[in-house]
Amino acid sequence: MLDDHVTLAHGAGGKASAALVDAVFVEAFRNPLLEPLGDGAAVALPGGDRMVMSTDSFVVSPRRFPGGSIGELAVNGTCNDVAMAGAVPSWISAAFVLEEGFPISELRTIVADMAAAAAAAGVQVVTGDTKVVPKGAADGLFVTTTGVGIIPDGRALSASSVRAGDKVLLSGSMGDHGMAVMLARGDLAIEADIASDTACVSPLVELLLAAAPSTRWLRDATRGGVGTVCNELAQACGLGVLLFEERLPVRPMVTGACELLGIDPLYVANEGKFVAVVAPQDAEAGLAALRSHPLGAEAAEVGQVVAEPAESVVLRTGFGGTRIVDMLVGDPLPRIC
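Per-chain numbering applies: the sequence of each chain, read as written, is numbered from 1 onward. For this predicted model, a pLDDT threshold of at least 70 governs which residues receive local features, and a threshold of 80 or more governs which side-chain atom pairs are given and counted, while totals over whole chains, interfaces and linings are taken from all residues. Only hydrogens and water are set aside; all other atoms, that is, all heavy atoms of the structure, feed into the side-chain values.

In any sheet, the strands associate via hydrogen bonds between backbone groups, in a parallel or an antiparallel arrangement. One requirement defines pairing of two strands: DSSP has to find at least two bridges between them. Secondary structure elements are taken from DSSP: a helix is a run of H or I of four residues or more, a strand is a run of E of two residues or more, and numbering for both begins at the N terminus. Sheet architecture is open: 5 strands sit in the order β1-β2-β7-β5-β6, paired in mixed fashion. Taken across any chain shown, the strands that pair with only one partner, and hence form the sheet edges, are β1 (41-44) and β6 (124-133). Between one strand axis and the next, the sheet turns through 20° on average, direction left out of account. In this structure, strand β5 (residues 88-99) lies alongside strand β7 (residues 141-151), joined through 10 bridges in antiparallel fashion. In the sheet register, Val-88 faces β7, and the bridge partner there is Ile-150. Contacts are residue-level and defined by heavy atoms, with any inter-residue pair within 4.5 Å sufficient. To get an axis, a line is fitted to the C-alpha atoms, and for a helix only the part in contact is used. The angle between two axes follows their N-to-C directions and goes from 0 to 180 degrees. Packed onto the sheet, helix α2 (residues 70-84) meets β2 (50-58), β5 and β7 and runs at close to 150° relative to β2.

A few words on unusual backbone geometry. The step from Ser-61 to Pro-62 runs through a cis peptide bond, and the omega angle for that step is 5°. Here Pro-62 is to be found in the loop between β2 and β3 (64-65). Note the cis peptide between Glu-308 and Pro-309, where omega equals -5°. Mapping Pro-309 onto the fold places it in the loop between β12 (300-306) and β13 (313-316). One non-glycine residue with positive phi stands out, namely Leu-37, at about 55°. Along the polypeptide, Leu-37 turns up in the loop between α1 (15-29) and β1. In this model, Glu-311 sits at a positive phi of 55°, which is unusual for a non-glycine residue.

All right, on to the UniProt feature "domain: PurM-like N-terminal" (unreviewed entry) in the protein then. The UniProt entry lists residues 39-151 under the feature "domain: PurM-like N-terminal" (unreviewed entry), expressed in the numbering used here. Segment residues 39-151 splits into 29% helix and 44% strand. End C-alpha atoms: 14 Å apart. UniProt positions are given in the numbering used here, feature names are shortened, and annotations may be inferred rather than shown by experiment.

Attention shifts here to the nonpolar core. General note: in soluble globular proteins, nonpolar side chains tend to be found buried as a group. Residues enter a nonpolar core if they are buried and are Ala, Val, Leu, Ile, Met, Phe, Trp, Tyr or Cys, with the set joined through side-chain atoms within 4.5 Å. Only protein chains enter the accessibility calculation, which uses a 1.4 Å probe; a residue whose area is less than 20% of its type maximum is buried, one above 50% is exposed, and one in between is partly exposed. With 38 residues, the main nonpolar core has Val-75, Leu-141 and Met-179 as its most contacted residues. Put simply, the parts of the chain that give this core at least two residues each are α2, β5, α3 (104-121), β7, α4 (176-184) and α7 (252-261). Top element by residues in this core is α3. It accounts for 6 residues. These domain boundaries are the output of an automatic or database domain assignment. Summarising the domain contributions, this core has at least three residues from each of domain 1 (31-151) and domain 2 (159-325). Setting aside anything within four residues of it in sequence, one finds Val-75 in contact with Ile-92, Met-114, Ala-117, Ala-118 and Val-123. Counting 29 residues, the second-largest nonpolar core is a separate cluster that includes Trp-217, Val-229, Leu-243 and Val-325.

Contact geometry of α2 with α3 gives a least axis separation of 7 Å together with a crossing angle of 35°. For the pair α2 and α3, the sense of crossing is right-handed. Mapping the contact onto sequence places Ile-70, Gly-71, Glu-72, Ala-74, Val-75, Asn-76 and Cys-79 in α2 and Ile-110, Asp-113, Met-114, Ala-117, Ala-118 and Ala-121 in α3. Classifying every residue of the contact of α2 with α3 gives 9 nonpolar, 2 polar and 2 charged. Should the near helix be turned anticlockwise from the far one by less than a right angle, the crossing is termed left-handed; should it be turned clockwise, right-handed. When residues are sorted by character, Ala, Val, Leu, Ile, Met, Phe, Trp, Tyr, Cys and Pro go into the nonpolar class, Asp, Glu, Lys and Arg into the charged class, and all the rest, Gly among them, into the polar class.

The working definition used for a salt bridge is a side-chain nitrogen of Lys or Arg within 4 Å of a carboxyl oxygen of Asp or Glu. Summed over all chains, the structure comprises 16 salt bridges. One salt bridge connects Asp-166 with Arg-216, and the closest N-O pair in it is separated by 2.9 Å. Taken together, the residues span a long stretch of sequence, with Asp-166 in the loop between β7 and β8 (167-170) and Arg-216 in the loop between α5 (202-211) and β9 (217-220) at a distance of 50 residues. Ionic pairing is found between Arg-251 and Glu-298, a salt bridge with its closest N-O pair at 2.6 Å. Here Arg-251, found in the loop between β10 (240-244) and α7, pairs with Glu-298, found in the loop between α8 (283-291) and β12; they are 47 residues apart in sequence, far enough to count as distant. Note on Arg-251: relative accessible area 37%, which makes it partly exposed.

With respect to the helices, strands and loops of the structure, Asp-113 is situated in helix α3. According to the relative accessible area criterion, Asp-113 is buried, its value standing at 14%. For the purposes of these results, a polar contact is taken to be a pair of N or O atoms within 3.5 Å, where, inside protein, one atom must be able to donate a hydrogen and its partner to accept one; residues adjacent in sequence count only when each atom of the pair is a side-chain atom. Only 2.7 Å separates the side chain of Asp-113 from the side chain of Ser-69, close enough to count as a polar contact. When residues no more than four places from it in sequence are discounted, the contact partners of Asp-113 are Arg-64, Ser-69, Gly-71 and Glu-72.

Okay, structure coming up:
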């Protein structure tokens, strides 16, 4: 950790974020449940049951964007983090930091969005907290949520179970959320019909796990996008990931917006998509299960786990060449979640 001050890059989910988490938070709180650094921690309960707990904060700007709002994002993002650890999300706590002068009418709308998203996801908001800070001390509204779910018996997901030859599945198109939020800010004078993909993917996860019981590992591709998620996988399992460029699903509007902005869609966030690693014999069945659900209609097998180069991600281009996909550096799209 070479930085003396926090920068926006420390919140982007890439190299700077990883350095900050490792040097400050892991160093202070180190324990066996924290060290895997997954989307949520799996905790053993008396009697043999296991639960997952996950916490996230939401600072997206603008608070409402095509396809969603900060309220929907807070519920869906937390449910997805719980689902990525193999649990079925059931309960959420919600804490609000409100700036003095924030309109009560807007607060009611955001809370209604959260309630509707929770009902759709089958979870209950069971506790929470509210704090108000002086005008100018926050940007209107920040939301922090904690999700809890129970892991069904016999289910275990971890990077340590990943093997060379395993297939990498992506549940849908890349970059929808990040581009939707970026264009909604109106600073770029770009008009494109792009909506956020924010959604609770727990039903999709359950379909996948039923059809592909050999599923090894899951991660939702939020900050840092698919490229960063695959790097996290490679580093966690000690193997490499080979991606095939022509198989990566990206909608034309997102591709066009990314080209105009000079951003690689591999690094643009989603809020309703995940990466899954499954054993080769279950890849076809798992892909079919994903495509059977509306949220997974554009799912694709996008790569495979390889022995070499270890702890690296390589993209095979449509021209037959290869290039390294590194961890995200910097923060091209701040405050998108």
